[in-house]
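Analysis of the macromolecular model
As a plain string of letters, each chain reads:
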Amino acid sequence: MRYNKDLFNKLNKKVIYTAALSIIGITLSLILVFPAMNVNSVSITNPIANTDNFNPVSISRTEKEGGNSIVPLDQIVSGGPPPDGIPSIDDPKFISVQEANGRLEDSELILGLNINGDIRAYPLQILVWHEIVNDKIGGVPVAVTYCPLCFTNQVFNRTLENGQILEFGTSGKLYNSNLVMYDRTTNSLWSQAMSQGIVGKLAGIKLERIPFDVAYWKEWKQLFPDSKVLSTDTGSTRPYGADPYGDYYTNGDVLFPVLNRDDRLGLKEIVVGFENNGQYKAYKLQEIENKKVINDQMKGKPIVLLSLHPFMVRAYNPVVDGQTLEFSYSTKDQNFIDKQTSSLWNFEGKAISGQMKGKQLTRLPFDEGFWFEWVAFHPKTELYKEDSTSMKAVG
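Residues numbered from 1 in each chain as written. Predicted model: local features only at pLDDT ≥ 70, side-chain atom pairs only at ≥ 80, totals over all residues. Heavy atoms only, no water.

**Remarks on the overall build of the protein**
A count of helical and extended segments in the protein gives eight helices and 28 strands. Taking all 395 residues of the protein together, the buried fraction comes to 56%. Partitioning the intrachain contacts of the protein with sequence separation of at least 6 by distance along the chain shows that 64% fall at a separation of at least 24. For the protein, the computed accessible surface area is about 16900 Å², with 49% contributed by carbon and sulfur atoms. (Helix = DSSP H or I, 4+ residues; strand = E, 2+ residues; numbered from the N terminus. Buried < 20%, exposed > 50% of the residue type's maximum accessible area, 1.4 Å probe, protein only. Contact = heavy atoms within 4.5 Å. Areas by Shrake-Rupley, 256 points an atom, 1.4 Å probe, with all protein chains shown as cover.)

**Considering the confidence of the model for the protein**
In this model, the protein carries an average pLDDT of 86, and 81% of its residues clear a pLDDT of 70 or more. Of the regions scoring below 50 in pLDDT, residues 1-5 engages in 18 contacts with residues more than four places distant in sequence or in other chains. Low pLDDT, under 50, characterises residues 7-56; the stretch is placed with 71 contacts to residues that sit more than four places away or in other chains. (pLDDT = per-residue confidence, 0-100.)

**Here's the deal with unusual backbone geometry**
Apart from glycine, the bulk of residues carry a negative phi angle, and the bulk of peptide bonds sit in the trans form. Positive phi is not limited to glycine here, since S177 has a value of about 65°. Mapped onto the secondary structure, S177 falls in the loop between β9 (168-175) and β10 (178-183). The class for S177 is buried, based on a relative accessible area of 1%. Positive phi is not limited to glycine here, since Q334 has a value of about 55°. You can call Q334 exposed: its relative accessible area is 53%.

**Some thoughts on the pairing of strand β18 (residues 301-309)**
In terms of burial, β18 is a largely internal element, eight of the nine residues being buried. Pairing between strand β17 (residues 293-298) and β18: six bridges, direction antiparallel. Within the sheet, the bridge partner assigned to I294 lies in β18 and is L305. Hairpin connection between β17 and β18: a loop of two residues separates the two successive antiparallel strands, and K299 in this loop has a positive phi of roughly 50°. Bridging between β18 and strand β19 (residues 312-317) involves four bridges; their strand directions are antiparallel. Within β19, the residue paired with L305 across the bridge is A315. What sits between the antiparallel neighbours β18 and β19 is a turn of two residues, in which F311 has the positive phi angle 75°. (Pairing = 2+ DSSP bridges.)

In structure tokens:
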């Protein structure tokens, strides 16, 4: 897939060589420290492990302290590193776009957030070494998460319905080859893909997902020149700019057990997934990019997917004042037009001219990542197929 190859084949040989030496050294250390470990079971995540602060979060301990689980315990497996072996960033520091521009290449991906006007970018070249950033954006405590094994980004509100604010760390465990976090208050385990506690006192509790962007640095810095950018001053020494996963993103390997496989798409096709009232549906990222607009519905709930920049996809509820709008792409204005009122809308979901001027669409969260991960959690998922609800571009 072109997304992955463009992104992960760009590293220069010097950086890769340096990272490889670090990886070999750490892996040898792990073998020496844990001589009984089967080398074949060592996760690809081992090279980014930090064993200095070993703070075990065992499943048996979590059950004893908190009580229950909502997934089979024997399907939660070790990824190799111990809890917090991949260190979360708990005191993130930020730099300006101008400063970051000297460190990031245009082809690098970032996770972008805009909460209450507080705009921040988290380069994946940093997230790949940490997987979780506990942050506070626009007054909202959030967990910015990334699972390289599944290429899944997700952002959660760290405040529960009862007002309790959690802080998350990496548990060292995986469920369906996906990141399992733990919270440092109750030691409950949480599935990134399920947005939910899965073992312990908080099992079954859902986290609120917050919409985000995945974008190339080239487009992001142009769209949001005043955004704050996560700094490499993380408190950890890592070869930022090198990716320890090598060609994993483009090869055919799935390194850990998954409950379901489905050959309707390639294992590592990037998809955008939605759920509504028990219905699951996936859309190929490349198809959304090509069409620029997809109007669809799930169990009677309308949605519209918009793409204006490479890799960036946004989903909105197209209902405004009780009226469901259908959108098309305007090649002339490089924006979007609704069929019902011919109003012009921008990528932010705001009407900028016409009868609807000033109206704002409600943005919707979604899951984005490799197909194998989405279908492992949602085996009965539908795949989007073009029909009359998808409108073509207009002049």
